[in-house]
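Coordinate analysis (summary)
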Amino acid sequence: MSLAHVEVLQPQVSTGPAVALWRRVRASRSGMAGLMIVGGFVLVAVFAPLLAPYDPLAGDLTDIRPGRVPGPSAEHPLGLDEQGRDELSRVIYGARHSLVVGVGSVAIGMMLGVVLGALAAGFGGWVDAVLMRLVDVLLAVPALFLAIAVAAAIGPGLLPATIAIGVTSAPLVARLLRSTMAAQLESGYVAAATATGVPRPRIVVHHVLPNSVGPVIVAATLGMGLAILEAAGLSFLGLVGDPSSPEWGRMLAATQRSLQTSPQLALFPGLAIVVVVVGFNLLGEALRQALDPR
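As a starting point, this report considers the structure included with it. Just so you know, these numbers come straight off a predicted model, no measurement behind them.

1. With respect to the packing of aromatic side chains
If you walk through the whole model with that rule in mind, you get 2 aromatic pairs. Ring geometry for Phe 41 versus Phe 280: centroids 6.1 Å apart, planes at 80°, classification edge-to-face. One end of the pair, Phe 41, is in helix H2 (residues 29–46); the other, Phe 280, is in helix H12 (residues 264–291), and 239 residues separate them in sequence. Given the relative accessible area of 5%, Phe 41 is considered buried.

2. Observations regarding helix H10 (residues 213–236)
Along its 24 residues, H10 runs 34 Å from first to last C-alpha, staying within 8% of the 34 Å computed at 1.5 Å per residue. Bending of H10 peaks at approximately 30° at the position of Gly 223. Downstream of H10 by one or two residues, Gly 238 has phi in the positive range, about 80°.

3. Quick word on the nonpolar core
Grouped together as the largest cluster of nonpolar side chains are 25 residues, with contacts concentrated most on Phe 41, Val 91, Trp 248, Val 276 and Phe 280. Counting residues per element, the ones that place at least two in this core are H2, helix H4 (87–123), H10, helix H11 (248–254) and H12. Those residues in contact with Trp 248 that lie beyond four places of it in its chain are Phe 41, Arg 90, Val 91, Gly 94, Ala 95, Ser 98, Pro 269, Ala 272, Ile 273 and Val 276.

4. Some thoughts on the pattern of salt bridges
A full pass over the atoms with the stated rule returns 3 salt bridges. In this structure, the salt-bridge partner of Asp 136 is Arg 133, at a minimum N-O distance of 3.0 Å. In this pair, Asp 136 and Arg 133 are both assigned in helix H5 (residues 125–140), 3 residues apart and thus about one turn of the helix distant. For Asp 136, a relative accessible area of 30% puts it in the partly exposed group. For Arg 133, a relative accessible area of 46% translates into the label partly exposed. Across the salt bridge formed by Asp 136 and Arg 175, the nearest N and O atoms sit 2.2 Å from each other. Taken together, the positions of Asp 136 in helix H5 and Arg 175 in helix H7 (residues 158–185) put the pair 39 residues apart, joining distant regions of the chain. On the basis of relative accessible area, Arg 175 is assigned to the partly exposed category, the value being 26%. By sharing partners, the salt bridges in this structure join Arg 133, Asp 136 and Arg 175 into a single network.

5. Considerations on H4
With 37 residues, H4 should cover 54 Å at 1.5 Å per step; its first-to-last C-alpha distance of 53 Å lies within 8% of that length. Phi for Gly 124, located one or two positions after H4, is positive at around 65°.

6. Focus on the environment of Ile 37
With respect to the helices and strands, Ile 37 occurs in helix H2. Distance from Ile 37 to Val 277, taken between C-alpha atoms, is 9.4 Å for residues 240 residues apart in sequence.

7. Here's the deal with the packing of helix H8 (residues 188–195) against helix H9 (residues 200–208)
At their nearest, the axes of H8 and H9 sit 11 Å apart, and the two run at 140° to each other. Here H8 is positioned oblique relative to H9, judged by the angle of their axes. Crossing handedness for the pair H8 and H9: right-handed. Facing H8, whose interface residues are Tyr 189, Val 190, Ala 193 and Thr 194, H9 presents Ile 203, His 207 and Val 208.

8. Description of the side chain of Asp 86
For Asp 86, the location among the structural elements is in the loop between helix H3 (48–51) and H4. Only 2.7 Å separates the side chain of Asp 86 from the side chain of Ser 89, close enough to count as a polar contact. Leave out the neighbours within four places in its chain, and Asp 86 touches Pro 53, Tyr 54, His 76, Gly 79 and Leu 80.

9. Re a nonpolar patch on the surface
Residues Val 42, Leu 43, Val 46, Phe 47, Leu 50 and Leu 51 make up a contiguous nonpolar surface patch of about 560 Å² in total accessible area. Listed by contribution, the elements that provide at least two residues to the nonpolar patch are H2 and H3. Tracing the backbone shows Leu 50 in helix H3.

Calculation notes
- Residues numbered from 1 in each chain as written.
- Predicted model: local features only at pLDDT ≥ 70, side-chain atom pairs only at ≥ 80, totals over all residues.
- Heavy atoms only, no water.
- Phe/Tyr/Trp six-rings, centres within 6.5 Å; stacked < 30°, edge-to-face > 60°.
- Helix = DSSP H or I, 4+ residues; strand = E, 2+ residues; numbered from the N terminus.
- Buried < 20%, exposed > 50% of the residue type's maximum accessible area, 1.4 Å probe, protein only.
- Expected span 1.5 Å × (residues − 1).
- Bend = angle between axes of the 7 residues up to and from the residue.
- Core = buried A, V, L, I, M, F, W, Y, C linked by side-chain atoms within 4.5 Å.
- Contact = heavy atoms within 4.5 Å.
- Salt bridge = Lys/Arg side-chain N within 4 Å of Asp/Glu carboxyl O.
- Axes fitted to C-alpha atoms, helices over the stretch in contact; angles between N-to-C directions.
- Parallel < 35°, antiparallel > 145°, perpendicular 65-115°, else oblique.
- Left-handed = near helix turned anticlockwise from the far one by under 90°.
- Polar contact = N/O pair within 3.5 Å; in protein donor to acceptor, adjacent residues only side chain to side chain.
- Patch = residues over 30% accessible without salt bridge, like charges linked within 9 Å, V, L, I, M, F, W, Y side chains within 5 Å.
- Areas by Shrake-Rupley, 256 points an atom, 1.4 Å probe, with all protein chains shown as cover.

Below you can see the structure in the form of structure tokens.
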């Protein structure tokens, strides 16, 4: 046989779980749309000083009249607010506040929830019963009411609001992780590892917990949108930041007096909240489908 007829076998390159996950997300149109929205939101938040045409806190009352707020123009594409501040600049800077609250609160909720869920599933028995009853009590209170109570107890500000929203998301993460780990503990590989003498803490930390974090990651992605909504609600109630801060919820609260004469002041920050929340929900749904073993 001549060398020309010898078939050269190409080595098969194995792909890691991250590459496989990216391929599944990339195959989803809605997932890519959500990723583009979230990516654009992050870029706007990071580069807000470069993108904003004006200082979001500086106002010019020259063109402001009682009952009249200038609408969109060439100098101000989204118009001015009641204090003569550029609306576009404030919407852009509002992305930064929302990103800080969303990422910070989800990180806090993940840390607390993972600790509670892992302890409940790992120890079982009375530890599981006590922790899950505590989680049930927290879940019985509406999330927004619980966030308001925590924020009011800690004090107004961006950091207290972030902590408050993180505390409200922790019970959901704990419940989800505990149920997932409980199912993993009934798997065959856990029984085999136990039969060979592997200590239970090692099984839980090195095997069960890594195999159970997939649904938690999806919940965290979906929780980003919910955290932004709750932050807007707390800002609307005056529990987040300075009243002049360019935060989307604050901007909505400030338009109540001029809603009939200048509805665009509520339209743009409200639209920004809707688009960002939809983006996180689309991305979270794509991740849920990509991580689904079925």
